[in-house]
Amino acid sequence: MADPIQFHGLRGQLRENEPMSRHVSWRAGGPARRFFAPADLEDLSLFLGQLPEDEPVLFVGLGSNLLVREGGWRGTVVMMYGAARAPRMEEGLLYAEAGVACPKVARFAADQNLGSAEWMTGIPGTVGGALAMNAGCYGGETWDIVERVVTINRRGQLRRRGKEEFEFGYRHLELKSDVASDGDEWFASAHFRLPEGDREESREIMKALLTKRRASQPLQLPNAGSVFRNPSEGKTAARLIQACGLKRLEKGGARVSEKHANFIVNPGGAGSAADIEWLIEHIQQKVEEDKGVRLMTEVKIVGDPA
Ligand SMILES: Cc1cc2nc3c(=O)[nH]c(=O)nc-3n(C[C@H](O)[C@H](O)[C@H](O)COP(=O)(O)OP(=O)(O)OC[C@H]3O[C@@H](n4cnc5c(N)ncnc54)[C@H](O)[C@@H]3O)c2cc1C
C-alpha cells in the first residue's frame, strides 16, 4: 500500500513494512508500518513536522534492548543509529548526538584524556537508548555523567533540558512531574561532563571490561543483554533463573543462555518474537512460583501480537 502521506524534502530513507528483525539485536520481530532513518537531526525535524499528531512513533537506536512482536509496529519507527555526526568537545563538555553508538563515545572520551565513560564501551546501543534506559554497568550510569540534553518533540522542535528536569534511577528515567512538557519528547543529543583522565589508563580499563564481558556473556549469539532487572541489591535475576533450573530452556529457536541465565539467545535468528516472549513469561512464572519474586523486564516489548 502506498504511503498516504506525501512527505517533502526528506534526505533520509523512508520505507514501508520494514522488518524490524533487521534492526534489533535479537534478530526477530515483525515489521514497522512506516520506517524512517533520518540523514541528520534537521532531516528528523522536517519528518516529524509532517507526521499526523496521532501517529504512534517509536524511536529505535541499535535495538539492543527491544523486542518487537510479530504483528509489528502499527505506526512509525524512527531509526536513530547512524543519523549522527561524530562526537566533539563543546565548551569543555563532550557532545554526542542520539544516534552515536556508546562504544564510540567511550573511545572518543579516552582520546580526549577524559575519564568515567570507559564503561560505555560495553553498551552495544546508542546515546539515545542509553539516555532513555539510564544504561550502565561496572558502577557507571548514563545520567551520572549527563550535564544537559536536547529533546525533540512531535512537531520536530528542539528543546534544551537540564539534568535537574529528570528523575532517574536504576534503568529508569522520566521527566519530573512538575516539569512543563507539551507531549512526547525523544532525545536528540546530550552533553556529558567528564573528569580529567588518562588515555592509556582508559584504554586499559576498556580492554579489561570487554574481556570480562566476553568471558561472561554469550556475545557471539543474537541477544538483547539482560532480559530482567535485578530485583534488589545482591539478588540478581541471573542467579534466581539459574536456581530454578531454567538455563538452556528452549522455545522455537530461542533459548535461555547456558553462559548467562539472564540472557535469552536466538542463534541464527531462528526463534520468533513470540518464542522469546514465551520464554520471558515462562521464566517470570517459574521464578515467582519457586522463589516468590516477580521479575520485571529490563527489555522493552512493543508492537502487536501476530
Ligand atoms: C550484549 C549486550 C549487553 C548489554 N549490556 C548492558 C549493560 O551492561 N547495561 C545496560 O544498561 N544495558 C545493557 N544492554 C542493553 C542495551 O544495550 C542498553 O539498554 C542500550 O542503552 C539500548 O540502546 P539502544 O540504542 O540499542 O536502544 P533500543 O534498544 O533501540 O531502545 C531501547 C529503548 O530506548 C528508547 N529509545 C531509543 N532511542 C531513543 C531516543 N533517541 N530518544 C528516546 N528514546 C529512545 C526506545 O524507544 C526503547 O524504549 C546490553 C545489550 C546487549 C545486546
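Residues numbered from 1 in each chain as written. Predicted model: local features only at pLDDT ≥ 70, side-chain atom pairs only at ≥ 80, totals over all residues. Heavy atoms only, no water.

K.L.:
Could you give an account of the pairing of strand S3 (residues 57-60), naming the residues involved and the relevant values?
P.N.:
Alternating positions in S3 separate into two faces, Val57 and Phe59 on one and Leu58 and Val60 on the other, with burial throughout. Note: S3 against strand S5 (residues 73-79), 4 bridges, orientation parallel. Bridge pairing links Val60 to Met79 in S5. (Buried < 20%, exposed > 50% of the residue type's maximum accessible area, 1.4 Å probe, protein only. Helix = DSSP H or I, 4+ residues; strand = E, 2+ residues; numbered from the N terminus. Pairing = 2+ DSSP bridges.)

K.L.:
Pulling in residues and values, what's your account of the packing of helix H2 (residues 102-111) against helix H5 (residues 199-216)?
P.N.:
Where H2 contacts H5, the two axes come as close as 8 Å, and the packing angle between them is 150 degrees. By the angle between their axes, H2 is roughly antiparallel relative to H5. Two secondary-structure elements touch here, H2 through Ala106, Arg107, Ala110 and Asp111 and H5 through Arg199, Ser202, Arg203 and Met206. Across the contact of H2 with H5, the residue classes break down as 3 nonpolar, 1 polar and 4 charged. (Axes fitted to C-alpha atoms, helices over the stretch in contact; angles between N-to-C directions. Parallel < 35°, antiparallel > 145°, perpendicular 65-115°, else oblique. Contact = heavy atoms within 4.5 Å. Nonpolar A, V, L, I, M, F, W, Y, C, P; charged D, E, K, R; others polar.)

K.L.:
Tell me what's going on with unusual backbone geometry, and back it up with residues and numbers.
P.N.:
Positive phi, normally seen in glycine, also occurs at Arg27, with a value near 60 degrees. Relative to the helices and strands, Arg27 resides in the loop between strand S1 (13-19) and strand S2 (31-37). Judged by its relative accessible area of 41%, Arg27 is partly exposed. Notably, Asn134 is not glycine yet its phi reads approximately 45 degrees, a positive angle. On the secondary structure map, Asn134 appears in the loop between helix H3 (127-133) and strand S8 (136-137).

Read these as spatial facts, not as claims about activity.
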